[in-house]
Amino acid sequence: MRIRTSDDFGLSRAGIMFEVNNEEQYPLLSKDFEDAAEELRTTGQLLPQTRATLEKVLPLEHFQLSQKTA
Amino acid sequence: MYYAFAEDIKPGQPQRTETDLRFIDIRPFRRNYRVLDLPEGMGQVRQFKALEEIIARQRSALNRTIQLNRQQKHTGQPDLPATDALIKLEGELAQATRDFAEGLLQRGIDETELLFQAETAMLAAADSLSAGNYDAATLQMREALKYLIEARDRLEIAYLKNRNRATLAALRQFDRMQQQKLRRPKSD
């Protein structure tokens, strides 16, 4: 799965959440841009990241899925 | 089911945005080896297209409910016209599900209990929307989806096992008829 995200001012977090069978949600991918954002706030020297493309494979075979899985 | 999210760097209160929910259908991987040419419809997996359409519309309604919930939390005001439209849609979906289940029963397919459970969940969701309870409506629509998906798989197996040519033909015709009913006029 791949996502592309952008924000005029800068990103702090982005990711992909998934769930199986109406149960708990898990992050497949969660990228934290907060370090860069913090550095920007304290030093004012780093350009915030305004665009990102994130990608990760969701290994469905790790879950006991069946045709009835919602 | 999955979705993506992103948050910006607004100091104090980062703004968060989320995509609509996306769905993954788990379908069996089949290899059919056949020596004989069976008559059309026999020995093949049949997808009930009317039911596929109901599932697609229920997924769309679920996404719309989540959007309205988010919007209400953000603005403090419910979007009443959109909510009314969604209540109407959910009611129509419940009716279509009931019609589909009853039609199957009349044609000798009794694997319909899950469809009636889906209908009940849909009606409950419509009631929750009427009361402005989007969180409850979201959960009820998810339940409805779960029932619909399980029903779809059981119906496919029931169809596969059925050897009565007349019944299979009647089912195909019924499915086409239900699909026509669900199809909206172009003016919509």
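Every value quoted in this text rests on a predicted model; they were computed, and no experiment measured them.

Conventions adopted
Residues numbered from 1 in each chain as written. Chains lettered and ligands numbered in written order. Predicted model: local features only at pLDDT ≥ 70, side-chain atom pairs only at ≥ 80, totals over all residues. Heavy atoms only, no water. Contact = heavy atoms within 4.5 Å. Buried area = accessible area lost by both parts, 1.4 Å probe. Salt bridge = Lys/Arg side-chain N within 4 Å of Asp/Glu carboxyl O. Polar contact = N/O pair within 3.5 Å; in protein donor to acceptor, adjacent residues only side chain to side chain. Helix = DSSP H or I, 4+ residues; strand = E, 2+ residues; numbered from the N terminus. Nonpolar A, V, L, I, M, F, W, Y, C, P; charged D, E, K, R; others polar. pLDDT = per-residue confidence, 0-100. Buried < 20%, exposed > 50% of the residue type's maximum accessible area, 1.4 Å probe, protein only. Phe/Tyr/Trp six-rings, centres within 6.5 Å; stacked < 30°, edge-to-face > 60°. Lys NZ or Arg CZ within 6 Å of the ring centre and 35° of its normal.

> Help me understand the interface of chain A and chain B, please; the structure alone is not making it clear to me.
Where interface size is given, it is often the accessible area lost as the parts come together that is meant. Counting residues at the interface gives 32 residues for chain A, matched by 20 residues for chain B. Here chain A and chain B share an interface that buries about 2400 Å² over both sides, 58% of which is from carbon and sulfur atoms. At the surface where chain A touches chain B, the tally comes to 2 salt bridges. One salt bridge in this structure joins Arg13 of chain A and Glu7 of chain B, with 3.1 Å as the shortest N-O distance. Connecting chain A to chain B are 9 residue pairs in polar contact (both at pLDDT 80 or more). At the level of elements, strand E1 (2–6), strand E2 (11–19), strand E3 (25–32) and helix H1 (34–43) of chain A are the ones that each hand at least two residues to the side of chain A that touches chain B. Broken down by element, the side of chain A that touches chain B gets its largest block of residues, 9 residues, from E2 of chain A. In terms of residue class, the side of chain A that touches chain B is built from 16 nonpolar, 11 polar and 5 charged.

> Quick question: what am I supposed to make of the confidence of the model for chain B here?
Low-pLDDT stretches of the model should not have their predicted coordinates read in fine detail. Scored by pLDDT, chain B has a mean of 86; 88% of the residues are at 70 or more. Looking at the elements of chain B, mean pLDDT is at its lowest for helix H5 (residues 165–182) of chain B, recorded as 88, and at its highest for helix H3 (residues 113–130) of chain B, recorded as 96.

> What is the right way to read the pattern of salt bridges from this model?
Two side chains bearing opposite charge may form a pair once their charged atoms approach each other closely. Residues and elements named next belong to chain B. Counted according to the given criterion, the structure contains 15 salt bridges over all chains. The closest approach of N and O atoms between Glu102 and Arg98, which form a salt bridge, is 2.7 Å. Taken as a pair, Glu102 and Arg98 lie in helix H2 (residues 80–106) at a separation of 4 residues, close to a single helical turn. We classify Glu102 as partly exposed; its relative accessible area is 31%. According to the relative accessible area criterion, Arg98 is partly exposed, its value standing at 29%.

> How should the packing of aromatic side chains be read in this particular structure?
Each aromatic ring pair is summarised here by two numbers: the centre-to-centre distance and the angle between the ring planes. All names here are of chain B. Considering all chains together, one arrives at 5 aromatic pairs over all chains under this definition. Relative to Phe100, the ring of Phe48 lies with its centre 5.9 Å away and its plane at 75 degrees, an arrangement referred to as edge-to-face. You can see Phe48 sitting in the loop between strand E2 (16–18) and helix H1 (49–75) and its partner Phe100 sitting in helix H2, a full 52 residues away along the chain. Judged by centre distance (5.9 Å) and plane angle (90 degrees), the rings of Phe48 and Tyr159 are edge-to-face. With a gap of 111 residues between them, Phe48 in the loop between E2 and H1 and Tyr159 in helix H4 (residues 134–161) connect regions that are remote in the sequence. Members of the aromatic cluster, joined through ring pairs, are Phe48, Phe100, Tyr159 and Phe174. For Arg16, the ring lying beneath its charged end belongs to Phe5, and the centroid distance is 4.3 Å.

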